[in-house]
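Survey of secondary and tertiary structure
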Amino acid sequence: MDASRAQDLPSVTVTPFDQHDPAFIADPYPVFAALRAEAEVHWHEEMGIALAVSHRSASAVLRHRSLGRLWTDAKPVEEFTGFNLLHRNSLLENEPPTHTRLRRLVAAAFGRGHVERLRPWIAELADRLVDELVAKVRSEGGADLLSHVAAPLPVEVIAELLGVPDRDRPLLQPWSNAIVKMYEYDLAPEKRAAAERASTEFVAYLRELVALRRAKPGADLVSDLVAVTDADGAKLTEDELVATAVLLLMAGHEATVNVIGNGVNALMTHRDQWDRVVADQSLLSTAVEELIRYDSPLQLFERTATEPVEIAGFRVEPGQKIAALLGAAARDPEVFVDPDVLDVTRTPNNHLGFGMGIHYCLGAPLARIEVQAALSALARKLPGAVLASTPRRRAEFVIRGLHELPLAEG
């Protein structure tokens, strides 16, 4: 970093965190608290990005119109054609006017009642998956919540939403898992290659599905996206349609599986809060919001400056990156009373887990339904659930989750 840039940075005495340190990954929140106490924005030299660690500064990053999602192709571009196609055409990676057009088209398709149509089906699916979990717990003494419930639930829901045939649904989760690894920093070459293979295979599959739905429309979101037009009659391009479908799967799957995994882990280690949910299912809606806040499945969300911007006294020049550190914002005592306490009755709960501004998560209502259905089924069918062993935390920082969550009956 040059001297002029260094002079612009806040005075920081706290050592920046190592995003690969297992101890930090296990519990980053004390580090976040120390950073917040020093300054609202910090420069992370290794990651090459400024980090907004307070709720106020993170909100400003998410809302500022001169901080955008400006996609830069993964390089070398000839080795990442599939991955770059998906992101170059994604709703998430574009700003107005492209973002406005894409969001209008996708929202119009979503607005046709797909989410509400699926609500009872999601509840039945969650009940069935938890029944299978309970049967294994009682026959074998324990079972993994992630593999039996948290992972298959959102994949099945997104597959149903998109109209993916039953026989093809096992393909989706491995593709999503491989692609999202690319959002981490300093990823190993073999994992980058795996992300590209998954992207290429997913693109090819979705092109076939789009062709099928053009020829034979169904009561699904892909059929609606093929048909829907905006006020000017501008249709989605096929690349945009494919990118939209992949985004729905990746965002929907990764967020939901990790809210359920992180959340149930938190409830198992805060027994009084789990007991409250078991005793009173009217608390489910506030409990879902609290679980998203308490251990955020998405820890960091990037923006790039399109013109000079100042966030909490920190100047961001055009082309430079700044991120909302969502996990840190979620524990800000200026906004949340006793932020390190899990409270399933917490209200208001102004967490930033689904983002803010024009990139607010389009699938947030669907994710809430899924998590609530899973918690409801678990509370009704396995109220005495306990951790069978200590779960293993995934090594990634940006997308925070567990490898497994082994449950037994206490």
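Residues numbered from 1 in each chain as written. Predicted model: local features only at pLDDT ≥ 70, side-chain atom pairs only at ≥ 80, totals over all residues. Heavy atoms only, no water.

A few words on the environment of Arg 36. Secondary-structure assignment places Arg 36 in helix 3 (residues 29-38). If we skip the residues at most four places from it in the chain, Arg 36 touches Val 53, Ser 54, Ala 328, Arg 331, Asp 332 and Pro 333. (Helix = DSSP H or I, 4+ residues; strand = E, 2+ residues; numbered from the N terminus. Contact = heavy atoms within 4.5 Å.)

Further remarks concern the sheet that holds strand 2 (residues 49-52). Pairing within the open sheet is mixed, and its five strands lie in the order 1-2-8-5-3. Each edge of the sheet is formed by a strand with only one pairing partner; in this case those strands are strand 1 (41-44) and strand 3 (67-68). Lying over the sheet, helix 4 (residues 55-63) contacts strand 1, strand 2, strand 3, strand 5 (300-305) and strand 8 (321-325), oriented at roughly 125 degrees with respect to strand 8. (Pairing = 2+ DSSP bridges. Axes fitted to C-alpha atoms, helices over the stretch in contact; angles between N-to-C directions.)

On the basis of which strands lie adjacent, the open sheet formed by three strands has the order 4-10-9 and antiparallel pairing. Each end of this open sheet is capped by a strand with a single partner; those strands are strand 4 (143-144) and strand 9 (385-387). Inspection of the sheet shows strand 9 paired to strand 10 (residues 406-409) by three bridges, in the antiparallel sense. From the neighbouring strand, Leu 387 faces strand 10, where its bridge partner is Leu 407.

A rise of 1.5 Å per residue sets the reference length of helix 11 (residues 189-215), with its 27 residues, at 39 Å; its end C-alpha atoms lie 40 Å apart and thus fit the reference within 8%. Looking at helix 11, one finds that the buried residues are Ala 195, Glu 196, Ala 198, Ser 199, Phe 202, Val 203, Tyr 205, Leu 206, Leu 209, Val 210 and Arg 213. The inward-facing, buried residues of helix 11 contact helix 5 (81-88), helix 9 (152-162), helix 10 (172-180), helix 12 (221-227) and helix 13 (238-268). (Expected span 1.5 Å × (residues − 1). Buried < 20%, exposed > 50% of the residue type's maximum accessible area, 1.4 Å probe, protein only.)

Turning our attention to the pairing of strand 5. Most of strand 5 sits out of view: five of its six residues are buried. The pairing of strand 3 with strand 5 spans two bridges and is antiparallel. Across the sheet, residue Gly 68 finds its bridge partner in strand 5, namely Thr 304. Bridge analysis of strand 5 against strand 8 gives five bridges, and the strand direction is antiparallel. Bridging from a neighbouring strand, Arg 303 pairs with Ile 322 of strand 8.

Three or more residues of helix 14 (residues 271-279) are buried, namely Gln 273, Trp 274 and Val 277. One side of helix 14 carries all its buried residues, which in axial view fall inside an arc of 100 degrees. (Arc of directions from axis to C-beta.)

Right, let's talk about the side chain of Arg 394 for a bit. By the element assignment, Arg 394 lies in the loop between strand 9 and strand 10. Classification of Arg 394 as buried rests on a relative accessible area of 11%. A polar contact is formed between the side chain of Arg 394 and the side chain of Glu 396, at a distance of 3.3 Å. In this structure Arg 394 touches Ile 25, Lys 181, Glu 254, Asn 258, Ile 399, Gly 401, Leu 402 and His 403, once residues within four positions along its chain are discounted. (Polar contact = N/O pair within 3.5 Å; in protein donor to acceptor, adjacent residues only side chain to side chain.)

Another point: the side chain of His 87. As for its position among the elements, His 87 is in helix 5. The class for His 87 is buried, based on a relative accessible area of 3%. Not counting chain neighbours up to four residues away, the residues in contact with His 87 comprise Trp 71, Glu 93, Asn 94, Ile 179, Tyr 183 and Met 250.

Here we come to the nonpolar core. Membership of the largest hydrophobic core comes to 117 residues, with the highest contact counts inside it found for Phe 17, Leu 145, Leu 153, Leu 300, Leu 378 and Phe 397. Judged by nonpolar contacts, the second largest core, of 19 residues, contains Ala 58, Phe 301, Val 316 and Ala 329. (Core = buried A, V, L, I, M, F, W, Y, C linked by side-chain atoms within 4.5 Å.)

Take the packing of aromatic side chains next. Within the structure shown, the criterion is met by 10 aromatic pairs. For the ring pair Phe 17 and Phe 32, a centre distance of 6.2 Å and an interplane angle of 70 degrees mean the geometry is edge-to-face. Of this pair, Phe 17 sits in the loop between helix 1 (3-8) and helix 2 (22-26) while Phe 32 sits in helix 3; the two residues are 15 residues apart in sequence, bridging distant segments of the chain. Among the residues examined, Phe 32 registers a relative accessible area of 0% and is labelled buried. One aromatic cluster is present, formed by Phe 17, Phe 24, Tyr 29, Phe 32 and Phe 397 through successive ring pairs. Taking NZ or CZ as reference, Arg 69 lies 4.2 Å from the ring centre of Phe 301, over its face. (Phe/Tyr/Trp six-rings, centres within 6.5 Å; stacked < 30°, edge-to-face > 60°. Lys NZ or Arg CZ within 6 Å of the ring centre and 35° of its normal.)

A word on the confidence of the model for the chain. With 95% of its residues at a pLDDT of at least 70, the chain reaches an overall mean of 90. Scored below 50 in pLDDT, residues 1-14 shows 19 contacts in the model against residues more than four places distant or in partner chains. (pLDDT = per-residue confidence, 0-100.)

Attention now goes to unusual backbone geometry. Omega for the peptide link from Lys 75 to Pro 76 comes to 0 degrees, which places this bond in the cis form. In this fold, Pro 76 is placed in the loop between strand 3 and helix 5. With an omega of 5 degrees, the peptide bond running from Pro 96 to Pro 97 counts as cis. In this structure, Pro 97 sits in the loop between helix 5 and helix 6 (98-110). Backbone geometry at Ala 312 places phi at a positive 50 degrees, although glycine is not the residue there. A positive phi angle, close to 45 degrees, is found at Asp 338, a residue other than glycine.

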